[in-house]
Amino acid sequence: MRADRLVAALLLLQSKGRVTAAELAKELEISIATARRDLEALSAAGIPVYPQAGRGGGWSLVGGARTDLSGLSSTEAQALFLLVGPAAVVSDEAKTALRKLVQALPRTFRADAEAAATATMIDATRWGERARPRPAIVDLLQTAVIQQRKVRFDYTSGSREKSRREVDPWGLVDKDDTWYLIAGTAKGRRTFRVDRIADAEPTAEPFTRPDDFALEEAWRSVVGEVEQRRSRTEASLLIETRFVPILRDHFGLHCQVEDDHDGRSRVRVAAPTPLDIARTLAGWGGAVEVLSPDSVKEHLARIGTELLGRYAPR
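Predicted, not measured: the structure shown is a model, and the values here were computed from it.

Definitions and limits used
- Residues numbered from 1 in each chain as written.
- Predicted model: local features only at pLDDT ≥ 70, side-chain atom pairs only at ≥ 80, totals over all residues.
- Heavy atoms only, no water.
- Phe/Tyr/Trp six-rings, centres within 6.5 Å; stacked < 30°, edge-to-face > 60°.
- Helix = DSSP H or I, 4+ residues; strand = E, 2+ residues; numbered from the N terminus.
- Buried < 20%, exposed > 50% of the residue type's maximum accessible area, 1.4 Å probe, protein only.
- Pairing = 2+ DSSP bridges.
- Axes fitted to C-alpha atoms, helices over the stretch in contact; angles between N-to-C directions.
- Core = buried A, V, L, I, M, F, W, Y, C linked by side-chain atoms within 4.5 Å.
- 1 Å grid on protein atoms, 1.4 Å probe; cavity = no way out; pocket = protein on both sides within 12 Å on 5 of 7 lines; lining within 4 Å.
- Points joined across faces, edges and corners; volume = space filled by probe spheres on them.
- Nonpolar A, V, L, I, M, F, W, Y, C, P; charged D, E, K, R; others polar.
- Salt bridge = Lys/Arg side-chain N within 4 Å of Asp/Glu carboxyl O.
- Polar contact = N/O pair within 3.5 Å; in protein donor to acceptor, adjacent residues only side chain to side chain.
- Contact = heavy atoms within 4.5 Å.
- Parallel < 35°, antiparallel > 145°, perpendicular 65-115°, else oblique.

Kindly report on the packing of aromatic side chains, identifying the contributing residues and their values.
For the structure shown, the criterion picks out 6 aromatic pairs. Ring geometry for Tyr155 versus Phe192: centroids 5.0 Å apart, planes at 85°, classification edge-to-face. Of this pair, Tyr155 sits in strand S4 (residues 149-156) while Phe192 sits in strand S7 (residues 188-193), and the two are 37 residues apart along the sequence. Taking relative accessible area as the criterion, Phe192 reaches 2% and is therefore assigned buried. Between Tyr180 and Trp219, the ring centres sit 5.2 Å apart and the planes meet at 45°, which makes this aromatic pair tilted. Taken together, the positions of Tyr180 in strand S6 (residues 178-185) and Trp219 in helix H8 (residues 215-229) put the pair 39 residues apart, joining distant regions of the chain.

Pasting the structure below:
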């Protein structure tokens, strides 16, 4: 849990005054790259943490080592609690860490810090959808990532194929309430949907995460590959310009305006297959005119014929 790590990193800086990313990584049992990103996150949030290059360098708090958080200004304390507060709601341990951190602040800062911690919340549930509970297996996988222990589990692929896997868990990603595990395997890096994992068990066998692995970079690569697969079929269409924002809600990134003229826009949309595009556009009726390809037009014609056959007056 990142909130736990940020609090722990700050307290370690308070007690030692200066630490290197390697020292922080060893202390928190994380990778050096993750430790460096956590230190950068503290700095970006307004905490007076700064790096010192060269021999004997590292990361330090302005003002040197302290045994409490009195080195933070009121604004800096608020910045810290705005950062970690929303993340703490999903974990009892993070809530406890946050309470301890509040008590470490000067008394005059505590009220504002507590207010900052509860000033923001994250509701990841889309309108009209049920909240997805956090999978219980996430905690097991997080522990394996932190302790760098191999994990075995049963996995069901998108094509319903089942297999038993043993992987090196490198990192976890929560995207739109769906969790993904990025892991090393005998065939290289792979991404697994956590809700397709069953009967997971950690092993006592350690692994070493690649030195050049960065979770954010790996995930950007995964997102790029998925979005490319999601846009294998393109279609050109005409629509009233005022409806373009609504069309973008349907197609997201894969909706590009190519031309605007007399209140009409020529738009290029994309999806995995011609049928996917046709199904999305079918509800628009005559408000959309598909220019190409013919495969999308054919699917729309078939859908229209099916609807007419079922619902036309008899």
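So what's going on with the sheet that holds strand S11 (residues 264-271)? Residues and values would help.
In spatial order, the strands read S10-S11-S9-S12; together these 4 strands make up an open sheet with antiparallel pairing. The sheet is open, and its two edges are formed by strand S10 (255-261) and strand S12 (288-292), each paired on a single side. Mean inter-strand twist for the sheet, computed between neighbouring axes without regard to direction, equals 25°. Pairing of S10 with S11 involves 6 bridges; the strand directions are antiparallel. Among the inter-strand pairings, Cys255 is bridged to a residue of S11, identified as Val269.

Let's hear about the nonpolar core: which residues, and what values?
Residues Leu24, Leu42, Ile47, Val49, Leu80 and Phe81 are the most contacted members of the largest nonpolar core, which totals 33 residues. If you list the elements that add at least two residues to this core, you get helix H1 (2-16), helix H2 (21-28), helix H3 (32-44), strand S3 (58-61), helix H4 (74-88), helix H5 (92-104) and helix H6 (107-117). Of the residues forming this core, the biggest block, 6 residues, is contributed by H1. Ala235, Leu237, Val269 and Ile277 belong to the second largest nonpolar core, which has 18 residues in total.

Could you give me a rundown of the layout of surface pockets, with the residues and numbers involved?
Looking at the second largest pocket, its volume works out to about 1000 Å³. Mapped by element, the contributors of at least two residues to the lining of the second largest pocket are strand S5 (162-175), S6, S7 and H8. Ranked by residue count, the leading element in the lining of the second largest pocket is H8, at 7 residues. For the lining of the second largest pocket, a count of residues per class yields 7 nonpolar, 4 polar and 14 charged.

Residues and numbers for the sheet that holds strand S2 (residues 49-52), please.
Taken in spatial order, the 3 strands make up an open sheet running S1-S3-S2, and their pairing is antiparallel. Strands with a single pairing partner mark the edges of an open sheet, and in this sheet they are strand S1 (18-19) and S2. Pairing of S2 with S3, which is carried by 4 bridges, proceeds in the antiparallel orientation. Along S3, the bridge assignment pairs Tyr50 with Ser60.

Tell me about the pattern of salt bridges, residues and numbers included.
Enumeration according to the criterion identifies 14 salt bridges in this entry. For Glu240, the salt bridge identified is with Arg242, shortest N-O distance 2.7 Å. Glu258 serves as the salt-bridge partner of Arg268, at 2.7 Å between the closest nitrogen and oxygen. Here Glu258 lies in strand S10 and Arg268 lies in strand S11, a separation of 10 residues in the sequence. The class for Arg268 is partly exposed, based on a relative accessible area of 28%. Residue classification places Glu258 among the partly exposed residues on the basis of a relative accessible area of 38%.

Explain the side chain of Lys150 residue by residue, including any values.
Structurally, Lys150 can be placed in strand S4. At 2.5 Å, the side chain of Lys150 and the side chain of Asp168 are in polar contact. Beyond its immediate chain neighbours, meaning those up to four positions away, Lys150 contacts Glu166, Val167, Asp168, Pro169, Glu201, Pro202, Thr203, Glu205, Pro206 and Phe207.

Which residues make up the packing of H2 against H3, and what values go with them?
Orientation of H2 relative to H3, taken along the N-to-C sense of each, is 105°, at an axis distance of 8 Å. With respect to H3, the axis of H2 lies roughly perpendicular. Of the residues in H3, those touching H2 at Ala21, Ala22, Leu24 and Ala25 are Ile32, Ala35, Arg36 and Leu39. Counted by class, the contact of H2 with H3 contains 7 nonpolar, no polar and 1 charged residues.

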